[in-house]
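Each chain, written out:
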Amino acid sequence: MNLPVLPTALLPRVYELTPDELAAWCRSHGATPYRVDQIRKWIFGKRITDFAEMHDLPAALRQALAAEFSLFPAEVVRHQVSADRTEKLLLKLDDGEFVECVLMREEDRRTICLSTQVGCAMGCVFCASGMLGVKRNLTTGEILEQVLRLDRLLPLAERITNVVIMGIGEPLANLKNLLPALDSLNLKGGMGIGARRITISTVGLPDRIRELALTDRQYNLAVSLHAPNDELRTKLVPVNKNIGIDEILAAADYHFQKTGRRVTYEYVLLSGVNDRPEHAQQLAGLLKPRIAHVNLIPMNGVTELPFVEPTAPRTQDFLSILKQFGIPCSVRKRKGADIDAACGQLRLQAEGRGA
Ligand code: SAH
């Protein structure tokens with residue numbers, strides 16, 4: 001039977017298949033399933049960019065792979081390198097949509113930040129990613145392509161050590177495609193990135209947090225709290241209206257009970273909005289009974305938005321109040337400020353240009 005030849009961009013990414021699915025594919029092509037380990041090793045471990053480089057596979061199998069699958073169908077439309085060596089890729093997908101992903105370097109850490117959706121439906125008022133709403137979920141393959149492309153920016157001796165799902169989109173709204181991608185990084189013959197080095201950041205969707213807890217994975221949970229009371233939080237994070245902080249904290253507690261992993265609460269500091277001493281005290285009151293860590297994020301300026309970060313002393317005051325209450329906390333270091341590395345900004349520019 002002659003199948004129509006699809007343009008490469010429309011062929012499925014080979015790493016979108018689970019090892020079992022790939023084994024079935026191998027069998028259907030007369031190859032033994034142990035080829036799966038070889039194929040995955042080439043992709044996840046040896047950073048090949050073409051099926052032809054899979055030297056230990058029979059030529060016919062390589063050709064079959066190349067005929068039926070793609071490897072890197074997205075187009076890199078921008079690759080920025082900042083003064084601190086943070087690198088950011090803007091990828092154009094098959095349907096012309098854009099996503100961003102980032103590689104950050106810090107001493108012996110190599111952390112990547114991934115997107116999970118095209119745009120975001122949550123509408124947080126200080127965030128660039130949600131300004132155009134959400135278009136669609138990313139597929140498992142599109143999430144993994146970000147990882148593999150960032151991995152190929154590293155020299156041979158270096159490896160990705162940490163993964164944060166803090167790019168464009170609400171990851172828990174796309175768990176069904178995200179989890180297989182993360183599992184693939186964990187699996188033997190995958191990238192060997194331990195679950196405890198992977199952090200999923202959420203706006204705080206209680207049902208989804210519980211669902212994640214029930215999957216028995218050891219991924220870290222980060223909750224974007226941003227305000228210590230519902231009145232203020234609903235102004236900053238509109239989806240809070242129908243959820244409420246109590247529900248979110250209860251779900252995060254459940255995640256902690258199930259996984260034993262300390263929850264991180266993210267708090268973006270917006271000058272004159274949520275950075276008063278009373279806010280810090282109220283936040284400490286919420287978290288005091290819990291095993292939690294607070295990550296203060298100074299607002300990353302977005303041209304179109306009116307919010308700015310507080311002065312350094314004001315940020316330090318907020319931090320010291322939390323410390324006085326015994327809450328473990330830190331201020332996030334800014335990375336790649338000179339390349340608009342706060343996720344969503346490049347995509348916004350690209351959409352504006354109609355690139
Ligand atoms: N939807 C997920 C992932 C978002 S990005 C979530 O809400 O957690 C990761 C973090 O960056 C979130 O805490 C998000 O609120 C924060 N963030 C978004 N825009 C920002 C900005 N302009 N400056 C600083 N942090 C921002």
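Predicted, not measured: the structure shown is a model, and the values here were computed from it.

Caption draft 1: Highlighting the overall build of the protein chain. Looking only at helices and strands, the protein chain has 11 helices and 12 strands in total. In summary, the protein chain has a C-alpha radius of gyration of 21 Å against a globular reference of 20 Å for 355 residues, a match within 12%. By its C-alpha atoms, the protein chain is 70 × 45 × 40 Å across when sized along the principal axes. Going through the 355 residues of the protein chain one by one, you find that 53% of them count as buried. Across the protein chain, the fraction of contacts at a sequence separation of at least 24, relative to all contacts at a separation of at least 6, is 69%.

Caption draft 2: How the structure looks around the environment of Q257. You can see Q257 is positioned in helix α8 (residues 245–259). Once the C-alpha coordinates of Q257 and F318 are considered, the two residues, 61 residues apart in sequence, prove to be 28 Å apart.

Caption draft 3: Region of the structure containing the site of the ligand. In the vicinity of the ligand, 19 residues are found, and the nearest of them are E170, S201, S224, H226 and N300. The contact in question runs from an oxygen atom of the ligand to an N or O atom on the backbone of T202, over 3.4 Å. Measuring from an oxygen atom of the ligand, one finds a side-chain N or O atom of E266 at 3.4 Å. Of all the secondary structure elements, the ones that give two or more residues to the shell around the ligand are β8 (198–202), β10 (263–269) and β11 (292–298). When its residues are assigned to classes, the shell around the ligand shows 10 nonpolar, 7 polar and 2 charged.

Caption draft 4: Highlighting the sheet that holds β11. Across the sheet, 10 strands lie side by side as β1-β2-β3-β4-β7-β8-β9-β10-β11-β12; this open sheet has mixed pairing. At either end of the open sheet lies a strand with only one pairing partner, and these are β1 (75–81) and β12 (329–331). Within the sheet, the average angular offset between the axes of one strand and its neighbour, ignoring direction, is 20 degrees.

Caption draft 5: Fine view of the state of the cysteines. Per the stated rule, a full pass over the model turns up 0 disulfides. In this model C124 remains outside any disulfide bridge; the closest cysteine sulfur is found in C127, 6.0 Å from its own.

Caption draft 6: Representation of the environment of N229 in the model. By the element assignment, N229 lies in the loop between β9 (220–224) and α7 (230–236). Along the backbone, N229 and Q282 are 53 residues apart, and their C-alpha atoms lie at a distance of 7.8 Å. In this view, N229 contacts I245 and Q282; residues no more than four positions away in its chain are not counted. In this structure the side chain of N229 is engaged in a polar contact, spanning 2.8 Å, whose partner is the backbone nitrogen of L232.

Caption draft 7: Structural detail: the packing of helix α6 (residues 206–214) against α8. Direction vectors running N to C along α6 and α8 enclose 5 degrees, while the axes themselves pass 9 Å from each other. The angle between α6 and α8 falls in the class roughly parallel. Two secondary-structure elements touch here, α6 through P206, I209, R210, L212, A213 and L214 and α8 through E247, I248, A250, A251, A252, Y254, H255 and K258. Considered class by class, the residues forming the contact of α6 with α8 number 10 nonpolar, 1 polar and 3 charged.

Caption draft 8: Region of the structure containing helix α9 (residues 277–287). Among the residues making up α9, those that are buried are H279, A280, L283, A284, L286 and L287. In an axial view of α9, the angular spread of the buried residues amounts to 160 degrees, which keeps them on one side of the axis. Against α7, α8, β10, β11 and α10 (312–324) lie the buried residues of α9.

Caption draft 9: Examining the packing of α9 against α10 more closely. Put simply, α9 and α10 touch, their axes get as near as 9 Å, and they point 30 degrees apart. When the axes of α9 and α10 are compared, the pair comes out roughly parallel. The element α9 and its partner α10 pack so that their crossing is right-handed. Residue-level contacts link P277, H279, A280, Q281, L283 and A284 of α9 to R314, F318, I321 and L322 of α10.

Caption draft 10: Just the side chain of Q38, in detail. In this structure, Q38 sits in helix α2 (residues 35–45). Residue contacts for Q38: discarding those within four places in its chain leaves D56 and L57.

Caption draft 11: Geometry of the pairing of strand β2 (residues 87–92). Of all the 6 residues making up β2, 5 are buried; the element is thus mostly covered by neighbouring parts of the structure. Relative to β2, β1 is paired through 6 bridges, and the arrangement is antiparallel. Considered in β2, the bridge of R78 is made with L90. Linking two consecutive strands that pair antiparallel, namely β1 and β2, is a turn of 5 residues; a positive phi of about 70 degrees is found at R85 within it. In this sheet, strand β3 (residues 98–106) lies alongside β2 in antiparallel orientation, the contact comprising 6 bridges. Note that in β3 the partner of L90 across the bridge is E100. Turn length for the β2-β3 hairpin, with the two strands adjacent in sequence and antiparallel, is 5 residues, and the turn residue G96 shows positive phi of about 85 degrees.

Caption draft 12: Local environment of the pattern of salt bridges. Under the definition given, this model contains 17 salt bridges. Taking the shortest distance from any N to any O, the salt bridge between E100 and K88 comes out at 2.6 Å. In this pair, E100 is assigned in strand β3 and K88 in strand β2, connecting sequence segments 12 residues apart. As far as burial versus exposure is concerned, E100 and K88 are alike and both buried.

Reading guide: rules and limits
Residues numbered from 1 in each chain as written. Predicted model: local features only at pLDDT ≥ 70, side-chain atom pairs only at ≥ 80, totals over all residues. Heavy atoms only, no water. Helix = DSSP H or I, 4+ residues; strand = E, 2+ residues; numbered from the N terminus. Rg over C-alpha atoms; globule rule 2.2 N^0.38 Å. Buried < 20%, exposed > 50% of the residue type's maximum accessible area, 1.4 Å probe, protein only. Contact = heavy atoms within 4.5 Å. Near = heavy atom within 4 Å. Polar contact = N/O pair within 3.5 Å; in protein donor to acceptor, adjacent residues only side chain to side chain. Nonpolar A, V, L, I, M, F, W, Y, C, P; charged D, E, K, R; others polar. Pairing = 2+ DSSP bridges. Axes fitted to C-alpha atoms, helices over the stretch in contact; angles between N-to-C directions. Disulfide = S-S within 2.5 Å. Parallel < 35°, antiparallel > 145°, perpendicular 65-115°, else oblique. Arc of directions from axis to C-beta. Left-handed = near helix turned anticlockwise from the far one by under 90°. Salt bridge = Lys/Arg side-chain N within 4 Å of Asp/Glu carboxyl O.

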